[in-house]
Amino acid sequence: MDNSSGVGVLDKAATVLGALEAGPATLAQLVGATGLARPTAHRLAVALEHHRLVSRDLQGRFVLGPRLGELASAAGEDRLLAAAGPVLGALRDHTNESAQLFRRQGDMRICVAAAERPVGLRDSIPVGATLSMLAGSAAQVLLAWEEPDRLHRGLQGAAFTATALSGVRRRGWAQSVAEREPGVASVSAPVRGPSGRVVAAVSISGPIERLSRQPGRLHAATVVAGANKLTEVLRRHHAQQQQQQPQNI
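Residues numbered from 1 in each chain as written. Predicted model: local features only at pLDDT ≥ 70, side-chain atom pairs only at ≥ 80, totals over all residues. Heavy atoms only, no water.

Caption draft 1: Seen up close, the overall build of the chain. Each helix and strand in the chain was counted, giving 10 helices and eight strands. Rg of the C-alpha trace for the chain: 19 Å, near the compact-globule value of 18 Å for 249 residues, within the 12% margin. Along the three orthogonal principal directions, the C-alpha set of the chain runs to about 60 × 40 × 30 Å. Here the chain, with 249 residues, has 43% of them falling under the buried criterion. (Helix = DSSP H or I, 4+ residues; strand = E, 2+ residues; numbered from the N terminus. Rg over C-alpha atoms; globule rule 2.2 N^0.38 Å. Buried < 20%, exposed > 50% of the residue type's maximum accessible area, 1.4 Å probe, protein only.)

Below is the structure:
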């Protein structure tokens, strides 16, 4: 299938953005992934950075920029966020703990939706909060299914191990106890896009006194069910889009 639009510079820019969908990339990695000449890849990446469509992480690697999320929200096409509110609310009501949805952005994870426990002791993570990828059950979920090289890099300095992530892949969920913050426990499960790639993590978090030192025993099944609902929303939306596309004759 020919993906050329006939406007070369736009096609090349789209190739750069498509390559960054897989995660942070150095200029050399970008050249390898796109097949573009090094000067061309650099010129396009810097131009996209100027428009906030591309950004840099703490290591100076290119990553997808914040403007993409803003455009998606403005267009009303972010089905994940639209569906997250009711799912997180139900998760909070069922577990009596705060619920969150995290997405990865470079070497960090961002809380993009939340449902707070209304009263009592809680772990409050506001929408927009940026947390480390080195600790916490959501970080484990967002890293566990990555490609081996990215997984290896992500483990450097992490509070969890490769063995722990192997367990996360086997179970289909992660838990943490005082890993990100003293006194706080959490349980997380993956949300997958239509291709099967992990695109977000659904979490609940709260004090260890309530969640215990084995929070997964209490709430893993519920968190996994919530994450699966959001996965199904994305799959259904993708299927609808495919049906609406004109068929080539």
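Anyway, onward from the coordinates.
Caption draft 2: Molecular detail of the packing of aromatic side chains. All chains considered together, the criterion is met by zero aromatic pairs. For the cation-ring pair, Arg109 lies above Phe102, with the distance from its terminal atom to the ring centre recorded as 4.7 Å. In this structure, Arg171 is placed above the aromatic ring of Trp173, and the distance from its NZ or CZ to the ring centre is 4.4 Å. (Phe/Tyr/Trp six-rings, centres within 6.5 Å; stacked < 30°, edge-to-face > 60°. Lys NZ or Arg CZ within 6 Å of the ring centre and 35° of its normal.)

Caption draft 3: Region of the structure containing the sheet that holds strand 8 (residues 198–207). What the six strands build is an open sheet, ordered 5-4-3-8-7-6; its pairing is antiparallel. Among the strands making up the open sheet, the edge pair consists of strand 5 (130–132) and strand 6 (174–177). The average undirected angle you get between the axes of adjacent strands in this sheet is 30 degrees. Summarising the sheet, strand 7 (residues 184–192) and strand 8 pair through nine bridges and their orientation is antiparallel. Counterpart to Ala185 in the pairing with strand 8 is Gly206. Strands in contact with helix 5 (residues 79–95) are strand 3 (98–105), strand 4 (108–115), strand 7 and strand 8; relative to strand 3, the strand with the most contacts, it is inclined by about 140 degrees. (Pairing = 2+ DSSP bridges. Axes fitted to C-alpha atoms, helices over the stretch in contact; angles between N-to-C directions. Contact = heavy atoms within 4.5 Å.)

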